[in-house]
Amino acid sequence: GAGDDTVHINNSTVPAGMTAATSTITVNLGDPTASDTLTVNSQTGSNDVMVVRPSAVTQGAGTVDYTADNLPDVVYTGTEHINLVGQLSEGDSFGVDGTAGNDTFEYFSGDTVDSGHVLGTMNLGVGAGVTLPEISFANMNPGVVRAFNVHGAQGGADVFLFVATDSDDTIV
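Below you will find a few notes about this structure. (Residues numbered from 1 in each chain as written. Predicted model: local features only at pLDDT ≥ 70, side-chain atom pairs only at ≥ 80, totals over all residues. Heavy atoms only, no water.)

## What about the environment of R53?
Then step 1. Counting through the fold element by element, R53 comes out in strand 4 (residues 49-54).
Then step 2. Along the primary structure R53 and G98 are separated by 45 residues, whereas in three dimensions their C-alpha atoms are 7.0 Å apart.
Then step 3. Among the polar contacts listed, one links the side chain of R53 to the side chain of D65, at a separation of 2.8 Å. (Helix = DSSP H or I, 4+ residues; strand = E, 2+ residues; numbered from the N terminus. Polar contact = N/O pair within 3.5 Å; in protein donor to acceptor, adjacent residues only side chain to side chain.)

## Details of the packing of aromatic side chains
The geometry of two aromatic rings is summed up by the distance between their centres and the angle between their planes.
Then step 1. With the rule as written, the count across this model stands at 8 aromatic pairs.
Then step 2. Their ring planes at 85 degrees and their centres at 6.0 Å tell us that Y107 and F148 sit as a pair that is edge-to-face. Separated by 41 residues along the polypeptide, Y107 in strand 9 (residues 102-109) and F148 in strand 13 (residues 147-148) bring together distant segments of the chain.
Then step 3. The buried category is assigned to Y107, whose relative accessible area is 9%.
Then step 4. Note on Y107 and F160: the rings are 6.3 Å apart at their centroids and 35 degrees apart in plane angle, and the pair reads as tilted. Separated by 53 residues along the polypeptide, Y107 in strand 9 and F160 in strand 14 (residues 159-163) bring together distant segments of the chain.
Then step 5. Among the aromatic side chains, those forming a connected cluster through ring pairs are F94, F105, Y107, F137, F148, F160 and F162. (Phe/Tyr/Trp six-rings, centres within 6.5 Å; stacked < 30°, edge-to-face > 60°. Buried < 20%, exposed > 50% of the residue type's maximum accessible area, 1.4 Å probe, protein only.)

## Overview of the side chain of T99
Then step 1. Here T99 shows up in the loop between strand 8 (93-96) and strand 9.
Then step 2. Here T99 falls in the buried class, since its relative accessible area comes to 2%.
Then step 3. At 3.4 Å, the side chain of T99 and the backbone nitrogen of N123 are in polar contact.

## Things to note about the pattern of salt bridges
Then step 1. Scanning the model with the defined rule gives 2 salt bridges in all.
Then step 2. Across the pair D65 and R53 runs a salt bridge, and its minimum N-O distance is 2.8 Å. In this pair, D65 is assigned in strand 5 (residues 62-66) and R53 in strand 4, connecting sequence segments 12 residues apart.
Then step 3. Between R53 and D97 there is a salt bridge, and its shortest N-O distance comes to 2.5 Å. In this pair, R53 sits in strand 4 while D97 sits in the loop between strand 8 and strand 9, placing the two residues 44 residues apart along the sequence.
Then step 4. Given the relative accessible area of 2%, D97 is considered buried.
Then step 5. Put simply, R53, D65 and D97 are held in one network by salt bridges that share partners. (Salt bridge = Lys/Arg side-chain N within 4 Å of Asp/Glu carboxyl O.)

## Some words on a nonpolar patch on the surface
Then step 1. On the surface, F160, F162 and I171 cluster together into a nonpolar patch covering about 300 Å² of accessible area.
Then step 2. On the secondary structure map, I171 appears in the segment after strand 14. (Patch = residues over 30% accessible without salt bridge, like charges linked within 9 Å, V, L, I, M, F, W, Y side chains within 5 Å. Areas by Shrake-Rupley, 256 points an atom, 1.4 Å probe, with all protein chains shown as cover.)

Just distances and angles here, no functional claims.
What follows is the structure, given as structure tokens:
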């Protein structure tokens, strides 16, 4: 609704009455101009890859996809901030899909090797483009690949910017 909304999705099992591979959890946080936050946690005991699939046309909308189909995907609207929380010891990771248009991704290293955030603009060239909700991540295994624009819609002339810390950084 209106105002600053916060929703946490933290399911250790598939909710009753749902099927992980075919069900979705829908979160509508209202007008995407305030400071609405969606936090999506990985499943304990599972090696999760959570992929944010933003909308190419609607600001603050998209899906957080559990690629292993171990939990229902989370469909969101009206979201300015997404927090992805993994289980570091389980090898959890994340990705961000792009659109068929021109996309820009900005990856910022965090204070620890398992954290950081991602900004972006999707579908440039069609008007001003659609701003990606700010994606913060924590407890994501630094030894596992973080995949950008490889899971679904691909196309256009995409840009990936890596913003390092003030310390020594290694890109593999």
